Amino acid sequence: MKKVFIKSYGCQMNAYDAERMADVLAREGYAETGAVEEADLVVLNTCHIREKAAEKVYSELGRVRVLKEERKAAGRDTQVVLAGCVAQAEGREIFRRAPVVDVVVGPQSYQNLPALLRQGRGAMDTEFPADDKFDALPALEPARIRGRGVTAFLTVQEGCDKFCTFCVVPYTRGAEVSRPVARILDEARRLTDSGVREVTLIGQNVNAYHGEGPDGAPWTLGRLLHALAEVPGLHRLRYTTSHPRDMDDALIAAHRDLPQLMPYLHLPVQAGSDRVLAAMNRKHTADEYRRIIDRVRAARPDIALTSDFIVGFPGETDAEFEDTMRLIEDVRFAGAFSFKYSSRPGTPAAEIEAQVPESVKTERLARLQERLEAHRQAFNHGTVGRTLDVLLEKAGRHPGQLAGKTPYLQMVQIDGAGLSVGDVVPVRITAAGSNSLFGEAVAGVPAASAA
Ligand code: SAH
Ligand code: SF4
Ligand code: F3S
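Since we're looking at a predicted model, the values are computed, not measured.

1. Structural notes on the site of ligand 2
(1) Moving on: Around ligand 2, the neighbouring residues are C160, K162, F163, C164, F166, C167, V169, P170, N205, H243 and R282.
(2) Moving on: Of the residues contributing to the shell around ligand 2, the split by class is seven nonpolar, two polar and two charged.

Structural data, given as structure tokens:
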């Protein structure tokens, strides 16, 4: 059997796509391997969001080139595929900069991977076809789902029409497209039938979802979540990533009404200054964001909120950065990703003259992260002493332990005696470490089981 090594960078959409590529390649006789040196086919599924990400890809390709040469000397061929957003953005340029690459395939064309591989050297597909690429990919197979654990991503929407001035995604992923409700329900049933207990709906702008419902009308994400909550065996639902502009009442109400919908919301705000938000083309003010948070918390008071931040957007002043610091003190996030602004060729913000010096970005990021980390720790310590349902996902750190997640997406380590992966068990949280909580299963029957 031939072997394929797939490495994915970037967002969850890419992680999901990597699984679907593995599925399509399995049909072509490829088994997945974690050892790149034994791979007949190497797929790098790339991310273009920040400068460093693309650089990492090119240095990784340098290593792949050495490997390919070594394998060649031993009489074995290796094909190299460059997939994902760097593939989409750079196109043919990749063959020039990294001749080791055989095939270039953009995020909307994975269904054509077998044909491209047969074509061989120089084959490329970076089209944005009108059809749902997932339709053309093989349906999820039970054995393959089971090998991937009790939690799964499910892409419901792709692409973005928001055009934030710093971001490459609208160019690499194309316009917003939502998958029809029936397809999503079918995929969710396949997943749960094979043991998946938690599904995270993913999309670049997941709450802009507007897929066609069985009634022919476009459904919102709130409505889709209600339908998914009816799927037997599907204990937990999550969704990411949302845009503040698309947090509608139905979605907020779903957080109040659906016990399956976990009390967790990732809602990127990027900055706390109205001028910066406008320059970013985020189309909302800092206070509008605060009001959204108020509404979400009114519907679900215990909800864990997380966000993304960019410091040093072109022209960001000290005072404007302080607005971001004020916003985080007001909201107190349970977690966050924060980045220095990085200039992306082809985006409007890259054209702004007043770029912020690197040293200033570094200093702002350190200050922001220090506070965000303090808030994260405070949130985690706040759960100590509480009893929370934990979905057991995998073996824990030490022998006999199991690890799982709370509704707030915190990792917990517990003594796994008598328990199995896939169980949802009430756990009393006893301590909070820096990256994990510790707890004890509360005696009694598991809240739900994978059986
Ligand atoms: N669709 C999501 C997130 C997309 S990218 C949203 O609307 O927010 C994930 C995160 O990467 C963004 O939230 C942003 O914080 C960060 N990011 C995107 N482009 C960036 C850039 N040019 N420089 C620094 N961070 C960036
Ligand atoms: Fe990028 Fe903005 Fe679209 Fe998010 S909403 S993917 S940050 S353009
Ligand atoms: Fe990166 Fe593309 Fe996702 S640029 S963040 S892999 S959509």
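2. Points about the sheet that holds strand β4 (residues 79-83)
(1) Moving on: The six strands lie next to each other as β2-β1-β3-β4-β5-β6, forming an open sheet whose pairing is parallel. One side of each edge strand has no neighbouring strand; the edge strands of this open sheet are β2 (30-32) and β6 (123-125). This sheet shows a mean twist of 20° between the axes of neighbouring strands, independent of strand direction.
(2) Moving on: Of the strand pairs in this sheet, β4 and strand β5 (residues 103-105) are connected by three bridges, and their pairing is parallel.

3. Notes on the site of ligand 1
(1) Moving on: Surrounding ligand 1, one finds 15 residues, the nearest of these being F166, Q204, Q270, D308 and S342.
(2) Moving on: A distance of 3.3 Å separates an oxygen atom of ligand 1 from a polar atom in the side chain of R50.
(3) Moving on: Here ligand 1 loses 91% of its free accessible area of 540 Å² to cover by the protein chains.
(4) Moving on: At the level of secondary structure, the elements contributing two or more residues to the shell around ligand 1 comprise β13 (304-311) and β14 (335-340).
(5) Moving on: Partitioned by chemical class, the residues of the shell around ligand 1 number six nonpolar, four polar and five charged.

4. Some points on the pattern of salt bridges
(1) Moving on: A full pass over the atoms with the stated rule returns 39 salt bridges.
(2) Moving on: A salt bridge links E158 to R173, with the shortest nitrogen-to-oxygen separation between them at 3.0 Å. Of the two residues, E158 is situated in strand β8 (residues 157-158) and R173 in helix α8 (residues 169-173); the sequence distance between them amounts to 15 residues.
(3) Moving on: Across the pair R364 and E316 runs a salt bridge, and its minimum N-O distance is 2.9 Å. Remark: E316 occurs in the loop between β13 and α14 (318-331) and R364 occurs in helix α15 (residues 358-382); sequence separation between them is 48 residues. Across this residue pair, the class does not change: R364 and E316 are buried.
(4) Moving on: Look at the salt bridges and you will find they share partners, linking E19, R20, D23, E32, R144 and R148 into a network.

5. Here we look at the domain arrangement of the chain
By a frequent convention, interface size equals the accessible area lost on bringing the separate parts together.
(1) Moving on: As assigned here, the chain comprises domain 1 (2-125), domain 2 (133-381) and domain 3 (387-441).
(2) Moving on: Taken together, the contact between domain 2 and domain 3 spans 17 residues of the former and 19 residues of the latter.
(3) Moving on: Here domain 2 meets domain 3 over a buried area of about 1,300 Å², counting both sides, of which 59% is carbon and sulfur.
(4) Moving on: Its largest share of buried area at the contact with domain 3, domain 2 owes to V150, R236 and N380, together 36% of the area lost on that side.

6. Re α14
(1) Moving on: When the terminal C-alpha atoms of α14 are compared, their 20 Å separation across 14 residues agrees well with the 20 Å that a helix rising 1.5 Å per residue should span.
(2) Moving on: All buried positions along α14 are accounted for by E320, F321, T324, M325, L327, I328 and V331. Axial view of α14: buried residues confined to an arc of 160°, hence all on one face. For α14, exposure combined with an orientation more than 90 degrees from the buried face picks out D318 and A319.
(3) Moving on: If you follow the buried residues of α14, they end up packed against α12 (274-279), α13 (286-299), β13 and α15.
(4) Moving on: R332 lies just past α14 and shows a positive phi near 55°.

7. Observations concerning unusual backbone geometry
(1) Moving on: For the bond from T240 to T241, the omega torsion is 0°, close enough to zero to count as cis.
(2) Moving on: For T241, the location among the structural elements is in the loop between β11 (236-240) and α11 (249-257).
(3) Moving on: Located in the positive-phi region is F163, a residue other than glycine, with phi close to 50°.
(4) Moving on: Checked against the element boundaries, F163 lands in the loop between β8 and α8.
(5) Moving on: Taking the relative accessible area as the measure of exposure, F163 reaches 37% and is therefore partly exposed.
(6) Moving on: Within the chain, N281 stands out as a residue other than glycine whose phi angle is a positive 65°.
(7) Moving on: Relative to the helices and strands, N281 is located in the loop between α12 and α13.

8. Observations concerning the packing of aromatic side chains
(1) Moving on: According to the stated counting rule, one finds five aromatic pairs in the structure shown.
(2) Moving on: On the basis of an interplanar angle of 75° and a centroid distance of 5.5 Å, the ring pair of F163 and Y171 is categorised as edge-to-face.
(3) Moving on: Ring centres of F313 and Y341 lie 5.6 Å apart, and the angle between their planes is 70°; this geometry places the pair in the edge-to-face category. With F313 in the loop between β13 and α14 and Y341 in the loop between β14 and α15, this residue pair connects regions lying 28 residues apart in the sequence.
(4) Moving on: Judged by its relative accessible area of 0%, F313 falls in the buried class.
(5) Moving on: On the basis of relative accessible area, Y341 is assigned to the buried category, the value being 3%.
(6) Moving on: A connected cluster of aromatic rings, assembled from ring pairs, spans Y289, F309 and F333.
(7) Moving on: Between the NZ or CZ atom of K2 and the centre of the ring of Y30, over which it lies, the distance is 4.5 Å.
(8) Moving on: Above the ring of Y264, the side-chain terminus of R238 is found at 5.9 Å from the ring centroid.

Reading guide: rules and limits
- Residues numbered from 1 in each chain as written.
- Chains lettered and ligands numbered in written order.
- Predicted model: local features only at pLDDT ≥ 70, side-chain atom pairs only at ≥ 80, totals over all residues.
- Heavy atoms only, no water.
- Near = heavy atom within 4 Å.
- Nonpolar A, V, L, I, M, F, W, Y, C, P; charged D, E, K, R; others polar.
- Pairing = 2+ DSSP bridges.
- Helix = DSSP H or I, 4+ residues; strand = E, 2+ residues; numbered from the N terminus.
- Axes fitted to C-alpha atoms, helices over the stretch in contact; angles between N-to-C directions.
- Polar contact = N/O pair within 3.5 Å; in protein donor to acceptor, adjacent residues only side chain to side chain.
- Areas by Shrake-Rupley, 256 points an atom, 1.4 Å probe, with all protein chains shown as cover.
- Salt bridge = Lys/Arg side-chain N within 4 Å of Asp/Glu carboxyl O.
- Buried < 20%, exposed > 50% of the residue type's maximum accessible area, 1.4 Å probe, protein only.
- Domains from an automatic or database assignment.
- Contact = heavy atoms within 4.5 Å.
- Buried area = accessible area lost by both parts, 1.4 Å probe.
- Expected span 1.5 Å × (residues − 1).
- Arc of directions from axis to C-beta.
- Phe/Tyr/Trp six-rings, centres within 6.5 Å; stacked < 30°, edge-to-face > 60°.
- Lys NZ or Arg CZ within 6 Å of the ring centre and 35° of its normal.

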